[in-house]
Amino acid sequence: MSDTGPQWSGRERARTAAVVMAVWVALLWLLEVVDVVSGHALDGFGVQPRTAGELVDVVPSAFVHFGFAHVAANSVPLLVLGFLAALGGLRRFAAVCALIIVCDGLGVWLIAPAHTNTAGASGLIFGLFGFLLCSGFVERRPMGVVVGVLVGAVWGGSVLAGIAPGQAGVSWQGHLVGLLAGVAAAFLFRRRPDRRGVPAG
């Protein structure tokens, strides 16, 4: 999948990606402020598994957090990984994020323990990690491979810990499904080489 709009310079792509992710993270903080002021009314947008009415919360749950410490823990990795992923084109980035968020929410709905409420951007973060880790290899792009290796070196340990079962208050199911969705996105939305053999987009 490639963006078919005007060809932007690397600097323009970086600036746009930075703005998009800054706004995204700011939105998460704003929502948490609203949640606190409203007496945590937004916590109800988390996903409670295997309840039909909770399917409408599959997407909103990725934007809701349980306290400022929760959103703070997700802010830096989301900002960095989202920025790196968005450099490949905003339309592809939007498609990747949509796939990860929907698959992650549905996965939580299907396999999370009963009587739990799961929310937060960590499933998306794990998905972006999987996407960046694999996309360079899938597309055979040297720079993408370098990015994947660096991302793996920096966050690989945290990801392995995050998908380990048995951690209180941690949805390893959401992390695992998000990671797998990100890997799938690397294949589904890989950039096709143009006639010169250069990936488009």
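Just so it is clear, the structure is predicted and the values come from calculations on it, not from any experiment.

Draft legend 1. Region of the structure containing the overall build of the protein chain. Secondary structure summary: the protein chain contains six helices and zero strands in total. For the protein chain, the succession of helices and strands along the chain, N to C, is α-α-α-α-α-α. Against the globule reference of 17 Å for 201 residues, the protein chain gives a C-alpha radius of gyration of 17 Å, in line with a compact fold. Expressed along its principal axes, the backbone C-alpha trace of the protein chain runs to roughly 55 × 30 × 30 Å.

Draft legend 2. Looking closely at helix α2 (residues 68–86). With 19 residues, α2 extends 25 Å between its outermost C-alpha atoms, agreeing within 8% with the 27 Å of an ideal straight helix rising 1.5 Å per residue. Most pronounced at Ser75, the bend in α2 amounts to some 30°, and the proline Pro77 follows within four residues. What α2 keeps buried is the set Val71, Asn74, Ser75, Pro77, Leu78, Leu81, Gly82, Ala85 and Ala86. In this structure, the buried side of α2 is in contact with α1 (10–37), α3 (90–111), α4 (122–139) and α5 (142–162).

Draft legend 3. Focus on the packing of α4 against helix α6 (residues 172–188). With their axes 6 Å apart at the nearest point, α4 and α6 run at an angle of 30° to one another. Considering how the two elements wind past one another, α4 and α6 form a crossing that is right-handed. Here Ser122, Gly123, Phe126, Gly127, Phe129, Gly130, Phe131, Cys134, Ser135 and Val138 of α4 come into contact with α6, specifically with Gly174, His175, Gly178, Leu179, Gly182, Val183, Ala185, Ala186 and Phe187. Looking at the contact of α4 with α6, its residues break down into 10 nonpolar, nine polar and no charged.

Draft legend 4. Region of interest: unusual backbone geometry. One non-glycine residue, His40, lies in positive phi territory at about 65°. One can find His40 in the loop between α1 and α2. On the accessibility criterion, His40 (39% relative accessible area) is partly exposed. You will see that His115, though not glycine, has its phi angle at about 65°, which is positive. Among the structural elements, His115 can be located in the loop between α3 and α4. Judged by its relative accessible area of 84%, His115 falls in the exposed class.

Draft legend 5. Spatial organisation of the packing of aromatic side chains. Counting across every chain of the model gives three aromatic pairs. Their ring planes at 65° and their centres at 6.1 Å tell us that Trp24 and Phe93 sit as a pair that is edge-to-face. Within this pair, whereas Trp24 is found in helix α1, its partner Phe93 is found in helix α3, the two being separated by 69 residues in sequence. Residue class for Trp24 comes out buried when judged on its relative accessible area of 15%. A network of ring pairs unites the aromatic residues Trp24, Phe63 and Phe93 as a single cluster.

Draft legend 6. Quick peek at the nonpolar core. The biggest cluster of nonpolar side chains holds 34 residues, and the ones touching the most others in it are Trp24, Leu78, Leu81, Phe93, Leu124 and Leu128. Secondary-structure elements contributing two or more residues to this core are α1, α2, α3, α4, α5 and α6. Here this core gets eight residues from one element, more than from any other, and that element is α4. When sequence neighbours within four positions are dropped, the list of residues in contact with Trp24 reads Phe63, Leu78, Phe93, Cys97, Ile101 and Leu124.

Draft legend 7. α5, seen in detail. End to end, α5 covers 28 Å across 21 residues, agreeing with the expected 30 Å (1.5 Å per residue, within 8%). Among the residues making up α5, those that are buried are Gly144, Gly148, Val151, Trp155, Gly156, Val159 and Gly162.

Draft legend 8. Quick peek at a nonpolar patch on the surface. Taken together, the side chains of Trp29, Val33, Val36, Val37 and Phe68 define a hydrophobic patch exposed on the protein surface, amounting to about 430 Å² of accessible area. Here the nonpolar patch takes four residues from α1, the largest share from any one element. The topology assignment puts Phe68 in helix α2.

About the cut-offs
- Each chain carries its own residue numbering, running from 1 in the written order of its sequence.
- This being a predicted model, a pLDDT of at least 70 is required before a residue's local features are given, and a value of 80 or more before pairs of side-chain atoms are given or counted; all residues contribute to the totals for chains, interfaces and linings.
- Side-chain descriptors were evaluated using all non-hydrogen atoms of the structure, hydrogens and water having been removed beforehand.
- Helix and strand assignments follow DSSP, with helices taken as H or I runs no shorter than four residues and strands as E runs no shorter than two, numbered in order from the N terminus.
- Radius of gyration here uses only the C-alpha atoms, and the compact-globule reference equals 2.2 Å multiplied by the residue count raised to the power 0.38.
- The span one expects for a helix is its residue count, reduced by one, times 1.5 Å.
- What we call the bend at a residue is the angle made by axes fitted to the seven residues finishing there and the seven residues starting there.
- Burial classes: relative accessible area under 20% of the type maximum marks a residue as buried, over 50% as exposed, and values in between as partly exposed (1.4 Å probe, protein chains only).
- Between two residues, a contact is recorded if the distance between any of their heavy atoms is within 4.5 Å.
- Where helices are involved, their axes are fitted lines through C-alpha atoms of the stretch in contact, as for all axes, and angles between N-to-C directions lie from 0 to 180°.
- Helix crossings get a hand from a simple test, with the near helix turned counterclockwise from the far one by less than a right angle marking a left-handed crossing and a clockwise turn marking a right-handed one.
- Charged residues are taken to be Asp, Glu, Lys and Arg, nonpolar residues to be Ala, Val, Leu, Ile, Met, Phe, Trp, Tyr, Cys and Pro, and polar residues to be all remaining types, Gly included.
- Ring pairs are drawn from Phe, Tyr and Trp, using the six-membered ring of Trp, whenever the two centres fall within 6.5 Å, and their geometry is named by plane angle: stacked under 30 degrees, edge-to-face over 60, tilted for the rest.
- The set of buried Ala, Val, Leu, Ile, Met, Phe, Trp, Tyr and Cys residues whose side-chain atoms join them within 4.5 Å is what this entry labels a nonpolar core.
- Candidates for patches are residues over 30% relative accessible area with no salt bridge; among them, like charges are joined within 9 Å and nonpolar side chains (Val, Leu, Ile, Met, Phe, Trp, Tyr) within 5 Å.
- The Shrake-Rupley method, run with a 1.4 Å probe sphere, supplies the accessible areas, and residue values consider only the shown protein chains as cover.
- One speaks of a salt bridge when a side-chain nitrogen belonging to Lys or Arg is within 4 Å of a carboxyl oxygen belonging to Asp or Glu.

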